[in-house]
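The chain contents come next:
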Amino acid sequence: MISEEALLVTGMDQMNEVENTEKQRGQKHLGKWKKPTLTQIFLTVFLLGIAVFWVGTIVQSFTSFESRVSSRIDLEDISSIEVIRSLPETTDEVTVTVTDPAEIASIMNAFADVKLMSSYGSHDFTRNYWISIFVDGHPRFGITLDDQKYIYINDSNRNDKYSSGSFKIINHYDIQSIDRLFD
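A.B. asks: What's the story with the pairing of strand E4 (residues 115-118) in this structure? I'm lost.
C.D. replies: Side chains on a regular strand alternate between the two faces of the sheet. Sheet topology note: the strand E1 (residues 62-64)/E4 ladder contains 3 bridges and is antiparallel. Each residue of the ladder has a partner; that of Ser 64, found in E4, is Lys 115. Relative to strand E8 (residues 164-169), E4 runs antiparallel, the two being bridged by 3 bridges. Counterpart to Met 117 in the pairing with E8 is Lys 168.

A.B. asks: When you look at a nonpolar patch on the surface in this model, what are you seeing that I'm missing?
C.D. replies: On the surface, Phe 42, Leu 43, Phe 46, Leu 47 and Ile 50 cluster together to form a nonpolar patch covering roughly 520 Å² of accessible area. By secondary structure assignment, the location of Phe 42 is in helix H2 (residues 38-60). Look at Phe 42 and you get exposed, because its relative accessible area is 59%.

A.B. asks: Explanation requested: the nonpolar core in the structure shown.
C.D. replies: Grouped together as the largest cluster of nonpolar side chains are 30 residues, with contacts concentrated most on Phe 111, Ile 131, Ile 133 and Ile 151. Counting only elements with at least two residues in this core, the list comes to strand E2 (78-86), strand E3 (93-98), helix H4 (101-111), strand E5 (128-135), strand E6 (138-146), strand E7 (150-155) and E8. Look past the residues within four positions of Ile 151 in its chain and what remains in contact with it is Phe 65, Phe 111, Leu 116, Ile 143, Thr 144, Leu 145, Gly 165, Ser 166, Phe 167 and Ile 169.

A.B. asks: What is the right way to read the side chain of Asp 155 from this model?
C.D. replies: Relative to the helices and strands, Asp 155 is located in strand E7. A polar contact of 3.0 Å, which involves the side chain of Asp 155, links it to the backbone nitrogen of Asn 157. Residues contacting Asp 155, with those up to four places away along its chain left out, are Arg 72, Arg 140, Phe 141 and Ser 163.

A.B. asks: Whenever I open this one, the sheet that holds E3 confuses me. Can you help?
C.D. replies: In sheet architecture, strand pairing relies on hydrogen bonds along the backbone and comes in two forms, parallel and antiparallel. Taken together, the 8 strands give an open sheet; going across it, the order is E1-E4-E8-E7-E6-E5-E2-E3, and neighbouring strands pair in antiparallel fashion. Strands with a single pairing partner mark the edges of an open sheet, and in this sheet they are E1 and E3. Adjacent strand axes in the sheet meet at a mean angle of 25° when their direction is disregarded. Here E2 pairs with E5 via 8 bridges, running antiparallel. From the neighbouring strand, Ile 81 faces E5, where its bridge partner is Ile 133.

A.B. asks: Looking at this structure, how should I read a negative patch on the surface?
C.D. replies: Taken together, the side chains of Asp 74, Glu 76, Asp 77 and Asp 136 present a region of like negative charge at the surface. With respect to the helices, strands and loops of the structure, Glu 76 is situated in the loop between helix H3 (65-68) and E2. The exposed category is assigned to Glu 76, whose relative accessible area is 69%.

A.B. asks: Before we go on, may I ask you to explain the pattern of salt bridges in this structure?
C.D. replies: Opposite charge on two side chains allows them to pair when their charged atoms are near. Inspection of the entire model under this criterion finds 3 salt bridges. Arg 180 serves as the salt-bridge partner of Glu 103, at 2.5 Å between the closest nitrogen and oxygen. Linking Glu 103 in helix H4 with Arg 180 in the segment after helix H5 (176-179), this pair joins segments that are 77 residues apart in sequence. When its relative accessible area of 21% is taken as the criterion, Glu 103 is described as partly exposed. Residue Arg 180 is classed as partly exposed on the basis of its relative accessible area, which comes to 34%. Across the pair Asp 155 and Arg 140 runs a salt bridge, and its minimum N-O distance is 2.7 Å.

Calculation notes
Residues numbered from 1 in each chain as written. Predicted model: local features only at pLDDT ≥ 70, side-chain atom pairs only at ≥ 80, totals over all residues. Heavy atoms only, no water. Pairing = 2+ DSSP bridges. Helix = DSSP H or I, 4+ residues; strand = E, 2+ residues; numbered from the N terminus. Patch = residues over 30% accessible without salt bridge, like charges linked within 9 Å, V, L, I, M, F, W, Y side chains within 5 Å. Areas by Shrake-Rupley, 256 points an atom, 1.4 Å probe, with all protein chains shown as cover. Salt bridge = Lys/Arg side-chain N within 4 Å of Asp/Glu carboxyl O. Buried < 20%, exposed > 50% of the residue type's maximum accessible area, 1.4 Å probe, protein only. Core = buried A, V, L, I, M, F, W, Y, C linked by side-chain atoms within 4.5 Å. Contact = heavy atoms within 4.5 Å. Polar contact = N/O pair within 3.5 Å; in protein donor to acceptor, adjacent residues only side chain to side chain. Axes fitted to C-alpha atoms, helices over the stretch in contact; angles between N-to-C directions. Lys, Arg positive; Asp, Glu negative; His and termini not counted. Charge placed at Lys NZ, Arg CZ, Asp CG, Glu CD.

Take a look at the structure:
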């Protein structure tokens, strides 16, 4: 007869053997790549799509006066610039029309480095300017400038999503180029 002690040792050996076999199986699978499920693939593609859309939206929200206006016309083709100043505390509007080519160039150069970010216009301003840029005697660009902070640009020659837009001015703009017209 087999002693109880021998049975106990044999049972322990069998348990250790089972544990060792499971450990070996686990180690074999650690180095292997599991195939992704259809759900994981769909989720990954979906999240990548959202990330690309988000980055694209952010990139498109930044622009410049140069790309929205100056690059679409030649400075020599501008026949005049009409500026209407409106102050919220008065109902009076003052209109100035600039036809001198040097003065037109000065106004356009003041806007040349203006950087813009898509935004809604401001309703809280101290000065508001409506600027019309005439090309060959016809209005081409309508621009509304609220202080030094917000600008709305409309290109009457375009019929796409870039024909108009509201922007926040994100760098310094010297509004004196417009203000001095009213002195």
